[in-house]
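What follows is each chain in one-letter form.
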Amino acid sequence: MGSPERRGATGRAPWSSQEQSTASAAARSLPRRALGSMDRGRLPVHRPSLSQQPGQRSNSAGSPVQKALRALTVPLETLQVLKGHMMQDMRKGLSRQMHAQATMQMLPTFICSMPDGTEKGDLLVVELCQNYVRTLCVTLLGDGNQRPQVMYKIFDIPMNITQGKGEALFGFIAKCLHQFLAGLSSLQRRFPLGFVFPFSCKQTRLDKAELISWSKGFKCTDVEGKDVVQLLQSAINKEELYVDVVALMNDTVGTMMTSSKDDKACEVAIIVDVGTNSCFMAEAQLVEMVEETSGRMCINTEWGCFGDDTTLSGIVTTYDQRVDKESSNPGKKRFEKLVSSLYLGEIVRHVLITLAAEKAIFTGSNTGILRNKNVLKTHQVLEIINHEDGMAKTRSTLETLGLQPNERDCCRVQQVCRVVVSRSAALCAAGLAAILTHMCQSRELEQLSVNIGVDGELYRDHTRFGEILQSVTGLLAPECTITLLPSVDGTGRGAAIVTAVALRLAEQRREVDRLLSPLRLSHSDLQRVQALMREEMDLGLGKETNARSSVRMLPTYVRATPDGTERGEFLALDLGGTNFRVLVVRVAEDSIRMASEIYVIPTSIVQGTGVALFNHIIECIMDFQLKQDLTEQILPLGFTFSFPCQQLGLDKAVLLNWTKGFNASGCVGQDVVQLLRDAAQRKENFALNVVAVVNDTVGTMMSCGYDDPKCEIGLIVGTGTNACYMEEMRNVGTVEGNDGRMCINMEWGAFGDNGCLDHIFTTFDRMVDEKTINPGKQRFEKLISGMYLGEIVRYILLAMVEKRVLFHGKPCPKLQTKDIFQTKFLSTIEIDGLALRKVLAILRDLDLHASFEDSVLVREVCQTVSLRAAQLCAAGMAAVVEKMRENRGLDQLVVTVGVDGTLYKMHPHFSQNLQQTLQVLAPKCTVTFLQSEDGSGKGAALVAAVACRKAGP
């Protein structure tokens, strides 16, 4: 059975002056400066009502026909204010707090992805229309959705069904589907189905939608407030069909999904038919009614309800009021009643009734026929203004009604028809401009270029409707460049595409979850890591068991934290990377003052000999002393040496192994303080007083301890990671003595080097580890620290490309480059509120030609990797604080962690995720995190200061 035909215009009548007035006369009368001041919709917050606008013309002068035409003409300045009101209502509709006050309901559709052209397969569609049900089988070929194969059948809906019980309606739809599939000999096949349901619904998922209210003449009972997807699925199941309802959408969404052009997605759609509506792709973070915070989501505006308050009072005419009063829902759908084809014929009819009563037209004719509702249809109105011989068509239409029009009557009826349809187009333009400006502003763009899908009787059957829509939208939203694209069977094909996209995304989601699930740690996983860390700590503290532990638990010989009585001047040397610093620290009663300078260690020295390395360090210290006028003093020096060392005293530390790219020969196994002293002795007239050597973690603890006496833990999470804490001497089996406490440098970056964390390591972690300069070493660090997180992400992205869930599976040569995806990208990408276009910019700078959906997925990967890092760090810290609590026999431990490192400080969520996870894993510990300010430099000086204080005068 074929689709009903709709005949368009066969010719074009001259553009009347009255028709032009709605589209452009107001623009000519309004100064361009005034138009410019209204750019981007930035109208005053307190706007007068539309009835108070200066452009609203008086009906007190002129002939009855002129008064009627003026009443139906909306000046451009009024349209601009209308646009502003619509933008306000849109913002209310998107807001969780203000949603109930909005007349535009701004309903989430849960469509978050556009078609990419790869969709394929056989899909069923059921489309519920005003008086028929259309069933379709659409075959997508993965060819860009350009040549879908479509078979369909139309079933007329009996009147008693539309006015009866909901169960009967959905039972009828299921029987239509059964008959359709029987005709295809496909009753035994399983099909996914898209359901086009063009009524206001509150969706909570793509396949779950509660009917808010009927319209378009439907009044089925026991449906409003219920899930229409479930009602249809239940009816289908009763028919014993192998059909699963995958997606529900309205016809506007279907139009948007089928109107892409030139590889540019359509992001807005409007329908002007029996009803009218619009939808657009909104920034998901602005859609407060749902939990989605990334990407975009299609929003069904339900703009037909706009003005159901008093907003449209200045535009609504007496003719519109009469149409509204005679409708099945007075006071509702006010904007729709000004715009849609269900009502335009009625508006014209009421204008003609008024003009006839005032004897302005049809003098001598019996006009009683005009008092019959729906006697003049919108398609007749369109024929009157479209037909190449408009006068003849007008006359025949009127004579069919039993009227006896003269030539002047025909001319005036044409004018009325034109102005009513032109007003509809202009009002649609105001609504479209509101959407476009909202999109432009929410995306922080100066210019927006967008495709707009358009469908419906008025757009299809009246060429000038689109011309007015385009021109007036351009005047109202000059910052937006639009392309109007007529939809080709948007409802049928669109529903099939939405369904296919949903299936593609579901398959993609399964593949993404399969790839990422090993990195998503459960509570029990983290408890196991915590327990393993505790076991390794105990082994590392034992004199006999230390060699078996992957956590070295190195004594630092730091026996106390600052108590505030430290005074004097101290030198500090901070060596932890290819840039190092020399500092002078002046500790006074109420302040610490510092001066410092950064020096670079060339790669040739980093990879050269130990003699050359320490000679270079001494030369830099001498240069600094000269600049600071310190050459005549020999100040106590604290040496921050951020590499694994076994300390044999406060000023004696044997290097165990280099990390962070250093490989200077002749250093491993040597006392680094002695290497520094030897280099000083090689310089004539130069002396050093090295009091203490510490690593950066201890320095961080000491620095924060100066400000908070409860700080007894140090943590670094930056390029590398490590922790230290104050341990009871009785537990430190590697050092003589049982009294007091000593700071233990855990060197926890090596946790798991003995294989105890193999269950946590993923394929991606192993690939990263294999390409490092120390495979199999520092394994905990390689799960957590900034040096490695970007690489983990890079390997995951490569796997996703291979599985064709990212970048359309296209090769990404630059992504093959080691370290191309830096950890700082994770920090940027994960910033809350960061527009995804900025994420796209980051990816495109890497020559990754990402789509909008790709950027959402990349963000998810970054979030997964950084969350795991924070959780693992928390598991290690939970082992530390719980051990301290048990050591001290406390029911509740209150302690502060001094923390430093770029990952902790710069990543937008790392610190919060770390603290939240720690609270769950160690509920009997109250832990405060205090960020260190220059811990590695100031801390080293404070270690020296404490040592000098304890040594006494």
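Each value, and the rule that gives it
- Residues numbered from 1 in each chain as written.
- Predicted model: local features only at pLDDT ≥ 70, side-chain atom pairs only at ≥ 80, totals over all residues.
- Heavy atoms only, no water.
- Helix = DSSP H or I, 4+ residues; strand = E, 2+ residues; numbered from the N terminus.
- Rg over C-alpha atoms; globule rule 2.2 N^0.38 Å.
- Buried < 20%, exposed > 50% of the residue type's maximum accessible area, 1.4 Å probe, protein only.
- Areas by Shrake-Rupley, 256 points an atom, 1.4 Å probe, with all protein chains shown as cover.
- Lys, Arg positive; Asp, Glu negative; His and termini not counted.
- Charge placed at Lys NZ, Arg CZ, Asp CG, Glu CD.
- Pairing = 2+ DSSP bridges.
- Contact = heavy atoms within 4.5 Å.
- Expected span 1.5 Å × (residues − 1).
- Arc of directions from axis to C-beta.
- Axes fitted to C-alpha atoms, helices over the stretch in contact; angles between N-to-C directions.
- Salt bridge = Lys/Arg side-chain N within 4 Å of Asp/Glu carboxyl O.
- Phe/Tyr/Trp six-rings, centres within 6.5 Å; stacked < 30°, edge-to-face > 60°.
- Lys NZ or Arg CZ within 6 Å of the ring centre and 35° of its normal.
- Parallel < 35°, antiparallel > 145°, perpendicular 65-115°, else oblique.
- Left-handed = near helix turned anticlockwise from the far one by under 90°.
- Polar contact = N/O pair within 3.5 Å; in protein donor to acceptor, adjacent residues only side chain to side chain.
- Disulfide = S-S within 2.5 Å.
- pLDDT = per-residue confidence, 0-100.

> A description of the overall build of the chain should follow, citing residues and the corresponding values.
Across its full length, the chain holds 31 helices and 26 strands. Computed over its C-alpha atoms, the radius of gyration of the chain comes to 38 Å, more than 25% above the 30 Å expected for a compact globule of 953 residues. Considering only C-alpha atoms, the chain reaches an extent of 125 × 65 × 50 Å along its principal axes. Per-residue burial over the chain gives 60% buried out of 953 residues. When the accessible surface of the chain is split by element, carbon and sulfur atoms take 48% of a total near 38,100 Å². Charged side chains of the chain number 104 positive and 106 negative; the gap between the two group centres comes to 6 Å.

> Quick rundown of the sheet that holds strand 23 (residues 721-728)? Include the residues and the values.
By definition, the strands of a sheet pair up through backbone hydrogen bonds, in either a parallel or an antiparallel sense. If you trace the six strands from one edge of the open sheet to the other, you get 14-24-23-22-25-26, paired in mixed fashion. The sheet terminates laterally at strand 14 (554-555) and strand 26 (925-931), the two strands that pair on one side only. Both strand 22 (residues 711-717) and strand 23 contribute to a ladder of five bridges, which runs antiparallel. Directly across from G714, in strand 23, lies its bridge partner C724.

> How would you explain the environment of Q149 if you had to name every residue and give the values?
Among the secondary structure elements, Q149 is positioned in strand 4 (residues 149-156). The sequence separation of Q149 and L635 amounts to 486 residues, and the corresponding C-alpha distance is 86 Å. Aside from chain neighbours lying at most four places away, what touches Q149 is C137, V138, T139 and L141.

> Got a sec to walk through helix 18 (residues 523-541)? Specific residues and values, please.
Taking 1.5 Å per residue, 19 residues should reach 27 Å; helix 18 reaches 27 Å between its end C-alpha atoms and fits that length. When helix 18 is considered as a whole, its buried residues turn out to be L526, V529, Q530, L532, M533, E536, M537, G540 and L541. Angularly, the buried residues of helix 18 cover 165° about the axis, an arc narrow enough to put them on a single face.

> Before we move on, could you go through the sheet that holds strand 18 (residues 636-641) and cite the residues and values that matter?
The strand order 17-16-15-18-21 describes an open sheet built from five strands, whose pairing is mixed. Pairing within the sheet leaves two strands with one partner each, and these edge strands are strand 17 (592-600) and strand 21 (689-694). For this sheet, the mean angle separating the axes of adjacent strands, direction not counted, is 20°. The pairing of strand 16 (residues 579-587) with strand 17 spans nine bridges and is antiparallel. From the neighbouring strand, F580 faces strand 17, where its bridge partner is Y599. Of the strands in this sheet, strand 15 (568-575), strand 18 and strand 21 are in contact with helix 21 (residues 672-681), which crosses strand 21 at around 150°.

> Explain the pattern of salt bridges to me, using residue names and the numbers behind them.
The final tally for this structure, using the stated rule, is 53 salt bridges. Its salt-bridge partner being R460, residue D273 comes within 3.7 Å of it at the nearest N-O pair. Of the two residues, D273 is situated in the loop between strand 9 (266-272) and strand 10 (276-283) and R460 in helix 15 (residues 457-461); the sequence distance between them amounts to 187 residues. Given a relative accessible area of 17%, D273 falls into the buried group. Across the pair E886 and R534 runs a salt bridge whose closest N-O atoms are separated by 3.0 Å. Of this pair, E886 sits in helix 28 (residues 852-887) while R534 is found in helix 18, placing the two residues 352 residues apart along the sequence. Overall, E886 belongs to the partly exposed group, its relative accessible area being 42%. A cluster of three or more residues bridged by salt bridges with shared partners is formed by E712, E728, R730, R741 and R888.

> Any chance you could break down the packing of aromatic side chains for me, citing the residues and the numbers?
Applying the stated criterion across every chain yields a total of 20 aromatic pairs. Their ring planes at 80° and their centres at 5.5 Å tell us that F821 and F825 sit as a pair that is edge-to-face. Residues F821 and F825 agree in their burial class; the two are buried. One aromatic cluster in this structure is built from F170, F195, F197, F199, W214 and F218. One cation-aromatic arrangement involves K216 over F199; the distance from NZ or CZ to the ring centre is 5.3 Å.

> Give a detailed account of the packing of helix 23 (residues 763-770) against helix 25 (residues 786-802), specifying residues and quantitative values.
One can describe the packing of helix 23 onto helix 25 by two numbers: an axis separation of 9 Å at closest approach and a directional angle of 120°. If you check the angle between helix 23 and helix 25, you find them oblique. Between helix 23 and helix 25 lies a crossing whose hand is right-handed. Contacts between helix 23 and helix 25 involve F764, D765, M767 and V768 on the former and, on the latter, Y788, E791, I792, Y795, I796 and A799.

> Lay out unusual backbone geometry in plain terms, naming residues and giving numbers.
The backbone phi angle of S185 is positive, close to 55°, even though this residue is not glycine. Its place among the elements puts S185 in the loop between helix 6 (166-183) and strand 5 (191-196). With a phi close to 50°, E747 is a non-glycine residue in the positive phi region. With respect to the element layout, E747 can be found in the loop between strand 24 (741-745) and helix 23. On the accessibility criterion, E747 (9% relative accessible area) is buried.

> Quick rundown of the pairing of strand 2 (residues 120-128)? Include the residues and the values.
In terms of strand pairing, strand 2 meets strand 3 (residues 132-141) through nine bridges, oriented antiparallel. Across the sheet, V125 pairs through a bridge with L136, a residue of strand 3. The loop that links strand 2 with its antiparallel partner strand 3 comprises three residues. The pairing of strand 2 with strand 5 spans four bridges and is classified as parallel. Note that in strand 5 the partner of V126 across the bridge is F195.

> So what's going on with the side chain of R885? Which residues, and what values?
With respect to the helices, strands and loops of the structure, R885 is situated in helix 28. Reaching out from R885, the side chain makes a polar contact with the backbone oxygen of L890 at a distance of 2.8 Å.

> Any details on the side chain of D708? Residues and values, ideally.
Position of D708 among the secondary structure elements: in the loop between helix 22 (696-707) and strand 22. No salt bridge forms around the buried D708; measuring N to O, its nearest opposite-charge neighbour K710 is 5.3 Å away. In this structure the side chain of D708 is engaged in a polar contact, spanning 2.9 Å, whose partner is the backbone nitrogen of K710. Residues contacting D708, with those up to four places away along its chain left out, are T896 and L930.

> Give a detailed account of the state of the cysteines, specifying residues and quantitative values.
By definition, a disulfide links the sulfur atoms of two cysteines through a covalent bond. This model, assessed by the stated rule, comprises zero disulfides. Free of any disulfide, C417 has its nearest neighbouring cysteine sulfur in C410, separated by 11 Å.

> Please provide a residue-by-residue account of the confidence of the model for the chain, values included.
Residues with a pLDDT of 70 or more make up 92% of the chain, whose mean pLDDT is 88. In the predicted structure, residues 1-60 sits below a pLDDT of 50 and forms 118 contacts with residues beyond four places in sequence or in another chain.

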